Amino acid sequence: MDLSLRGFPLVRVFTTMQNFFQILVSGISVGMIYGVIAFGYQLTFATSKTLNFGQGEALTLGALVGLTVVNFLIGMKLGTFAAYLLALPLVFAFGLAQGSVVEWLGVRQAMKTKSEAGWIMATIALGIIFKNLAENIWGKDPLKFPSPLSENPLTIMGVNIRPMEIAIVLGALAMMLAVELFNRRSIYGKAVVATSNDRDAAGLMGINTSLVITFSYALSSLSAALAGVLVAPITLTGASMGAALGLKAFAVAIIGGLSSGMGVVVGGLILGITESLTGFYIDTGYKDVPGLILLLLVLSLKPAGLFGKAAIKKV
Amino acid sequence: MLKVQNLVAGYGKVKVLHAVSIHVPKGQLVTLIGSNGAGKTTTLRAISGMIKPESGEILLNGTNIAGMPSHEITRLGMAHSPEGRRVFPTLPVTDNLLLGAFPRLTGARPKGDVDTDLNRMFELFPRLKERKDQLAGTLSGGEQQMLAMARALMLQPEVLLLDEPSMGLAPRLVEEVFATIARLKTAKITMLLVEQFAAAALDVADFGYVLENGRLAGSGPAEKLKNDPAVRAAYLGASH
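A quick note: this is a predicted structure, and the numbers were derived from the prediction, not measured.

Draft legend 1. Fine view of the side chain of Ser166 of chain B. All names here are of chain B. Note that Ser166 resides in the loop between strand S7 (159–163) and helix H8 (171–186). On the basis of relative accessibility, which here comes to 1%, the residue Ser166 falls in the buried class. Filtering out sequence-adjacent residues up to four positions away, Ser166 remains in contact with Val174, Phe178, Glu195, Gln196 and Phe197.

Here is the structure:
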């Protein structure tokens, strides 16, 4: 009697800590997804001061194309993991193509006529078209994306971590690292940075800056498509999966700063973790509130973002 | 080498240049002088494709480049060190220089030996060598000017356009810039130089054009222009 009474608070503290870390883990993986999508916003903002507001739909399409390819390959008697790995290059290629189309149809013309709002409307419109397309091809009901990794969680110090959550973190970091290396090491990457610095001067170097901007849109959609196939196995896949993610990643890009590579990782983690914590400790109904409050705070106190250098162009 | 004929250009509905014709022969240094707002920078911007000319011809080695996008013009061998230096602030000095050789590094122009040229730039501008890993945005104005010129030279250009290389520099640095231009002239680099320091520009140039309100007001061998009473009164008395 005495023992159990004395033991009770300790156990409670222990499970409380466990819960906390559990929440943290899911917050981190969701946050990294936000981070990758936000990274995509940064890529196009850097080169052209424009964003693809259909970024969420780029994620949706990437996930759905991935789903179709994975299911096809599984139908060819391939293992889920092998099918997933083989599907990745196709998803990336699709992302590159989709992003190029968005730039071509939605952004190029608006930039040529120096229209301030044209690209906003055009990318939103294209996003809606892509969503409708997805609904017609894949239906409106959520689908199950076969998980390439075991769905049994690993238990580390009492905290359950799904292997896919680890894959999300690693995949997101690998994507950002690859782009960073490309920018620093290759002459083409330097051309991208030069275009971001000063488009006219980059043109004088013989750099085709329109092509650089198309490429940044392609890469931006590729990162969204990657986010799509990373998150799909742990959520439901469907035509409307990207809308909320795209919007939250936009908040992350604002919080972290549209010009700071590190900002989107930190911003993503902040949003992902506060969401999970609020959802668990307060109410899932309120889980979006702290992130949005943070967004409002950042916008009013530090409009360039927590890590941003330059001011955000008024849109 | 570079022949501009009846060039009309401007910004939107505002015409700045009215039928300007300029000839830059191979291996020569030609300067374009004139007061502020005369259209000197606009001329260079139209030649390098930063703005689209309304009409007129711009012949580079016989090819009409008028209206081409600037990256294509650069790939034909035209280097432009623009007004305000326009270096890439978040990239190191070395990367700025390598970007000057972008068409060579990507197969659009004969590659040659980019590394040797890089070292030659560091010899020509020792200050850049000291700062080669520094971000261009952290350089002083004079150093940025050196970088902008060196970056343009990295193209191994057929023609080099230099826009106000002395702008905003301390007198000692202005001298240094002109000494560098004189050295480039000895190396037989074809140049079109736009300058506010008309006297210094005419000292170093072979030939000069005087631009006034978007029209040519005179031209001639630099030596002759320097002694022209009208040019002296308008541009040499006050500016130097």
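Draft legend 2. Main features of the sheet that holds strand S3 (residues 29–34) of chain B. Residue and element names in this part refer to chain B. Across the sheet, which stays open at both edges, the six strands sit in the order S6-S7-S8-S3-S9-S10 with mixed pairing between neighbours. The sheet is open, and its two edges are formed by strand S6 (78–81) and strand S10 (215–221), each paired on a single side. Taking the axes of each pair of neighbouring strands and ignoring which way they run, one obtains an average angle of 15 degrees across the sheet. Contacting S3, S6, S7, strand S8 (191–194) and strand S9 (207–212), helix H1 (residues 40–47) crosses the sheet at an angle of about 145 degrees to S7. Where helix H7 (residues 141–153) meets the sheet, its contacts fall on S6 and S7, and the angle it forms with S6 comes to roughly 175 degrees.

Draft legend 3. Broad picture of the interface of chain A and chain B. Residue-level contacts link 17 residues of chain A with 22 residues of chain B. Surface buried jointly by chain A and chain B totals about 1800 Å² across both partners, of which 66% is contributed by carbon and sulfur atoms. Our count for the chain A to chain B interface comes out at three salt bridges. Across the pair Arg86 of chain B and Asp198 of chain A runs a salt bridge, and its minimum N-O distance is 2.6 Å. Contributions of two or more residues to the side of chain A that touches chain B are made by helix H6 (187–197) and helix H7 (199–204) of chain A. Here the side of chain A that touches chain B gets seven residues from one element, more than from any other, and that element is H6 of chain A.

Draft legend 4. Main features of H1 of chain B. Residues and elements named next belong to chain B. The buried fraction of H1 amounts to eight of the eight residues, a majority that puts the element mostly inside the structure. Looking at H1, one finds that the buried residues are Lys40, Thr41, Thr42, Thr43, Leu44, Arg45, Ala46 and Ile47. Backbone geometry just after H1 places Gly49 at a positive phi near 85 degrees.

Draft legend 5. Structural view of the pairing of S3 of chain B. All names here are of chain B. Counting buried residues along S3, six of its six residues qualify, which places the element largely inside the surrounding structure. On S3, burial covers both faces: Leu29, Thr31 and Ile33 on one face and Val30, Leu32 and Gly34 on the other are all buried. When S3 meets S8, the two strands line up parallel, connected through four bridges. If you follow Val30 over to S8, its bridge partner there is Leu192. Direction of pairing for S3 relative to S9: parallel, over a ladder of five bridges. Paired with Ile33 across the two strands is Val210, which belongs to S9.

Thresholds applied
Residues numbered from 1 in each chain as written. Chains lettered and ligands numbered in written order. Predicted model: local features only at pLDDT ≥ 70, side-chain atom pairs only at ≥ 80, totals over all residues. Heavy atoms only, no water. Helix = DSSP H or I, 4+ residues; strand = E, 2+ residues; numbered from the N terminus. Buried < 20%, exposed > 50% of the residue type's maximum accessible area, 1.4 Å probe, protein only. Contact = heavy atoms within 4.5 Å. Pairing = 2+ DSSP bridges. Axes fitted to C-alpha atoms, helices over the stretch in contact; angles between N-to-C directions. Buried area = accessible area lost by both parts, 1.4 Å probe. Salt bridge = Lys/Arg side-chain N within 4 Å of Asp/Glu carboxyl O.

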